Amino acid sequence: MNMTQEEIQQLMADSAQNAIETSRNEFNVELNGSTDSIGIVDDLILSWIDKYKDQALEDQAVFTICNIYGAYVGEIFRHLVGGHWHYDNSNPDAPYIVLEYAGRTYAFAGICYQRLVNDSQVSVKNYFQQAVENNIQ
């Protein structure tokens, strides 16, 4: 599947909006698009496991949770620092989207995945803060 830059941007903006709406509907939590709200994302990711147990770790749920919150965090980064979304389908069995800025790529969905599936001590907020610090000197 090939996507134009405009289609990728719209997909990620829609996904970020989906994170806002889903957080409100599932957990009665308001995400407001601020950098402060990224700490809430850390809590929300683990809230899915608290609420849905093993169902939250099924493939489709993991894909959705990680992508909507990754898009949300990435859109905050994009508005704050800059960058553009890049769709990488070099492996057709595992395409992914990263945010590119200043010669670096940021896998915001990937860090959400790490927190949800592998290590609850991984912090999306810390990853975001480090990405910002790497680019604002």
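So, a few notes on the structure that sits alongside this text.

## Some details on the overall build of the protein chain
Piece 1. Scanning the protein chain from N- to C-terminus turns up five helices and three strands.
Piece 2. Ordered by position in the sequence, the α and β elements of the protein chain form the string α-α-α-β-β-β-α-α.
Piece 3. For 137 residues, the compact-globule estimate of 2.2 N^0.38 gives 14 Å, and the protein chain sits close to it at 14 Å.
Piece 4. Taken over the C-alpha atoms alone, the protein chain extends approximately 40 × 35 × 25 Å along its principal axes.
Piece 5. By the burial criterion, 39% of the 137 residues in the protein chain qualify as buried.
Piece 6. In the structure as shown, the protein chain presents an accessible area of about 7,700 Å², 46% of it carried by carbon and sulfur atoms.
Piece 7. Within the protein chain, the 19 negative side-chain charges are centred at a point lying 7 Å from the centre of the 7 positive side-chain charges.

## Points about the sheet that holds strand S1 (residues 84-88)
Piece 1. Here three strands make up an open sheet; going across it, the order is S1-S2-S3 and the pairing antiparallel. The open sheet is flanked by S1 and strand S3 (104-106), the only strands paired with a single partner. Taken over all neighbouring pairs, the strand axes of this sheet differ in orientation by 40 degrees on average, direction set aside.
Piece 2. Sheet strands touched by helix H3 (residues 59-80): S1, strand S2 (96-101) and S3. Its angle to S1, the strand with the most contacts, is close to 140 degrees.
Piece 3. Together, S2 and S3 form the strand contacts of helix H5 (residues 124-135), whose direction differs from that of S3 by roughly 160 degrees.

## Re the nonpolar core
Among soluble globular proteins, nonpolar side chains are generally buried collectively.
Piece 1. Counting 37 residues, the largest nonpolar core has Val-41, Tyr-69, Tyr-72, Val-73, Phe-77, Val-124 and Phe-128 as the members making the most contacts within it.
Piece 2. Those elements giving two or more residues to this core turn out to be helix H1 (5-27), helix H2 (38-52), H3, S1, S2, helix H4 (108-118) and H5.
Piece 3. Counting residues per element, this core draws most heavily on H3, at 10 residues.

## Thoughts on the packing of H2 against H3
Piece 1. Direction vectors running N to C along H2 and H3 enclose 180 degrees, while the axes themselves pass 11 Å from each other. Taken together, the axes of H2 and H3 are roughly antiparallel relative to one another. Counting all contacts with H2, which are made through Ile-38, Val-41, Leu-44, Ile-45 and Trp-48, the residues of H3 involved are Ile-65, Tyr-69, Tyr-72, Val-73 and Ile-76.

## Overview of the layout of surface pockets
Piece 1. Approximately 480 Å³ is the volume found for the largest pocket.
Piece 2. Lining the largest pocket are 18 residues, with Phe-63, Asn-67, Pro-95, Tyr-96 and Ile-97 positioned closest to its centre.
Piece 3. Among the secondary structure elements, those contributing two or more residues to the lining of the largest pocket are H1, H3, S2 and H4.
Piece 4. Partitioned by chemical class, the residues of the lining of the largest pocket number 15 nonpolar, three polar and no charged.

Cut-off values and rules
Residues numbered from 1 in each chain as written. Predicted model: local features only at pLDDT ≥ 70, side-chain atom pairs only at ≥ 80, totals over all residues. Heavy atoms only, no water. Helix = DSSP H or I, 4+ residues; strand = E, 2+ residues; numbered from the N terminus. Rg over C-alpha atoms; globule rule 2.2 N^0.38 Å. Buried < 20%, exposed > 50% of the residue type's maximum accessible area, 1.4 Å probe, protein only. Areas by Shrake-Rupley, 256 points an atom, 1.4 Å probe, with all protein chains shown as cover. Lys, Arg positive; Asp, Glu negative; His and termini not counted. Charge placed at Lys NZ, Arg CZ, Asp CG, Glu CD. Pairing = 2+ DSSP bridges. Axes fitted to C-alpha atoms, helices over the stretch in contact; angles between N-to-C directions. Contact = heavy atoms within 4.5 Å. Core = buried A, V, L, I, M, F, W, Y, C linked by side-chain atoms within 4.5 Å. Parallel < 35°, antiparallel > 145°, perpendicular 65-115°, else oblique. 1 Å grid on protein atoms, 1.4 Å probe; cavity = no way out; pocket = protein on both sides within 12 Å on 5 of 7 lines; lining within 4 Å. Points joined across faces, edges and corners; volume = space filled by probe spheres on them. Nonpolar A, V, L, I, M, F, W, Y, C, P; charged D, E, K, R; others polar.

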